[in-house]
Amino acid sequence: MGDDNVIARLGSMKALLGIVAGAGASYGIYKLVVGRAGDGVNRKKSAKSVTIQPGSLMDKVSGFKVVSKSGNLNPCAETESSDIHSKSAASLEPRHLSMLLSLLQSSPNPEERRNVLVTLGNAAAFTVNQDLLREFGGLHIIAGFLSDPSSEIRVQTLNALNNLSMNIRNQEQLKIYIPSVMQLIEMSPVNSDLQLAALRLLTNLSVTDNHQHLMKNSITLLLSLLVVSNEVLQIQVLKVLVNLSSNPDLMDDIVQAQAPASLILLFDGCTSTSVLLRLLFFVGNLRAWRPSAQVAEALRTRQDSLYCVLLDNSSQLHRKLPLLLSHPDEEVKTQVARLLT
């Protein structure tokens, strides 16, 4: 009887490794749902094949996309991004998720932990699994790897948390990790995968005003990143800033935040249209705020505040906005005209 138990456990472990090998990451539902055309990843072809035993856990997740270390989709899963919601992926059972969480905690192998996080992140694309992982204590288990020495494991941790954060009840547990995510953004190299994954998570956590107040002390960090990052990161930073600036209760903190003077340079025809549009939405939210005369006078004494850089009568934005009326993009012109009226 004892030998039978050992054999059964070994069989379960092999099945789990089959999941890890066959599954891939769902890179943020926000991007899948509202991302603009062109946000997809490149796909290449490959002849590599794997023999899958019918009914095995490998068979259950064989429809998953496989993500390589570089973040590109494995060619043997060349399908549309919407195929992530395949029947085989959805058929993972609760015990499989529980086994994966156990393996994540016990494995001494960094590559194995990374693969498990990829699989859990993919499974978290489904609401039923988001609930199950929360009930199993999986949110805190996964978030514990935000401090892993491996940057790749931290990226996959953020990707998994990003999908899990699409669930409002999960956000109640994930909110305590916002300071850690902000620290990752601050300490990581500019334009790194870590920064991008962290910002995607913050975008989801800032969609409602429930936890936005936990980000108000990081406005200066976000504004500073905005002027030094590439277009992809700029868009993600602005998604967070637009979300935060839609909350009137945060406006005092936002306009008082220290802002780089070079922020004004982004309001230019040479700036990416996607970035420029979100900048204009951000300014539109800021202008909806009306300070008292006393508060406005106090803000003018701080020349490096966001208020002085973008809102005060002395701001160079008043000179730059009319120039954008000749922008080739109709939506940009519409937003500029709205701000000028």
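Residues numbered from 1 in each chain as written. Predicted model: local features only at pLDDT ≥ 70, side-chain atom pairs only at ≥ 80, totals over all residues. Heavy atoms only, no water.

1. Section: the overall build of the protein chain
Inference 1: Helix and strand counts for the protein chain stand at 20 helices and zero strands.
Inference 2: Residue pairs in contact within the protein chain that sit at least 24 positions apart in sequence constitute 73% of those at least 6 positions apart. (Helix = DSSP H or I, 4+ residues; strand = E, 2+ residues; numbered from the N terminus. Contact = heavy atoms within 4.5 Å.)

2. Some remarks on helix 7 (residues 127-135)
Inference 1: Within helix 7 the residues assigned to the buried category are N129, Q130, L132, L133 and R134.
Inference 2: Backbone geometry just downstream of helix 7 places G137 in the positive-phi region, at approximately 75°. (Buried < 20%, exposed > 50% of the residue type's maximum accessible area, 1.4 Å probe, protein only.)

3. Here we look at helix 13 (residues 219-228)
Inference 1: Listed as buried for helix 13 are I219, L222, L223, L225 and L226. Mapping the buried residues of helix 13 onto a view down its axis gives an arc of 160°, with all of them on the same face.
Inference 2: Close packing links the buried residues of helix 13 with helix 11 (178-187), helix 12 (193-205), helix 14 (231-245), helix 15 (251-256), helix 16 (273-287) and helix 18 (306-311). (Arc of directions from axis to C-beta.)

4. Looking at the side chain of R154
Inference 1: With respect to the helices and strands, R154 occurs in helix 9 (residues 151-164).
Inference 2: Buried within the structure, R154 lacks any salt-bridge partner; D148 is the closest side chain of opposite charge, at an N-O distance of 5.9 Å.
Inference 3: A polar contact is formed between the side chain of R154 and the backbone oxygen of D148, at a distance of 2.6 Å.
Inference 4: A distance of 3.2 Å separates the side chain of R154 from the backbone oxygen of P149, its partner in a polar contact.
Inference 5: Residues contacting R154, with those up to four places away along its chain left out, are F145, L146, S147, D148, P149, L184 and L194. (Lys, Arg positive; Asp, Glu negative; His and termini not counted. Salt bridge = Lys/Arg side-chain N within 4 Å of Asp/Glu carboxyl O. Polar contact = N/O pair within 3.5 Å; in protein donor to acceptor, adjacent residues only side chain to side chain.)

5. Focus on the environment of P179
Inference 1: Topologically, P179 is positioned in helix 11.
Inference 2: Distance in space between the C-alpha atoms of P179 and M215 is 7.9 Å, their sequence separation being 36 residues.

6. What to know about the packing of helix 6 (residues 110-123) against helix 9
Inference 1: Interaxial distance between helix 6 and helix 9 falls to 8 Å at its minimum, and their mutual angle equals 15°. Comparing the axis directions of helix 6 and helix 9 gives the class roughly parallel. You can see that helix 6 and helix 9 cross each other, and the crossing is left-handed. Between helix 6 and helix 9, the contacting residues are P110, R113, R114, L117, V118 and G121 on the first element and E152, I153, Q156, T157, A160 and N163 on the second.
Inference 2: For the contact of helix 6 with helix 9, the per-class residue count stands at five nonpolar, four polar and three charged. (Axes fitted to C-alpha atoms, helices over the stretch in contact; angles between N-to-C directions. Parallel < 35°, antiparallel > 145°, perpendicular 65-115°, else oblique. Left-handed = near helix turned anticlockwise from the far one by under 90°. Nonpolar A, V, L, I, M, F, W, Y, C, P; charged D, E, K, R; others polar.)

7. With respect to the packing of aromatic side chains
Inference 1: What the rule picks out here adds up to one aromatic pair.
Inference 2: Ring geometry for W289 versus Y307: centroids 6.2 Å apart, planes at 80°, classification edge-to-face. Placement of the pair is W289 in the loop between helix 16 and helix 17 (293-300) and Y307 in helix 18, with a sequence separation of 18 residues. Each member of the pair, W289 together with Y307, is buried. (Phe/Tyr/Trp six-rings, centres within 6.5 Å; stacked < 30°, edge-to-face > 60°.)

8. Observations concerning the environment of V242
Inference 1: Mapped onto the fold, V242 is located in helix 14.
Inference 2: For V242 and V283, which are 41 residues apart along the polypeptide, the C-alpha to C-alpha distance reads 8.7 Å.
Inference 3: Look past the residues within four positions of V242 in its chain and what remains in contact with it is R278, F281, F282 and N285.

9. As for the pattern of salt bridges
Inference 1: With the rule as written, the count across this model stands at nine salt bridges.
Inference 2: We note a salt bridge from E152 to R114, for which the minimum N-O separation is 3.5 Å. With a gap of 38 residues between them, E152 in helix 9 and R114 in helix 6 connect regions that are remote in the sequence. Summarising the burial analysis for this pair, E152 and R114 share the class buried.
Inference 3: Residues joined by salt bridges that share partners form a network here, namely E111, R114 and E152.

10. Observations regarding unusual backbone geometry
Outside of glycine, negative phi angles account for most residues, and trans bonds account for most peptide bonds.
Inference 1: Of note, N191 is a non-glycine position whose phi angle comes to about 70°, a positive value.
Inference 2: Here N191 is to be found in the loop between helix 11 and helix 12.
Inference 3: Exposure remark for N191: the relative accessible area of 33% places this residue in the partly exposed category.

11. A word on the environment of L244
Inference 1: In this fold, L244 is placed in helix 14.
Inference 2: In this structure, the C-alpha to C-alpha distance between L244 and K216, residues 28 residues apart in sequence, is 8.1 Å.
Inference 3: When neighbours within four sequence positions are excluded, L244 is seen to be in contact with S206, Q212, M215, I219, L222, L250 and I254.

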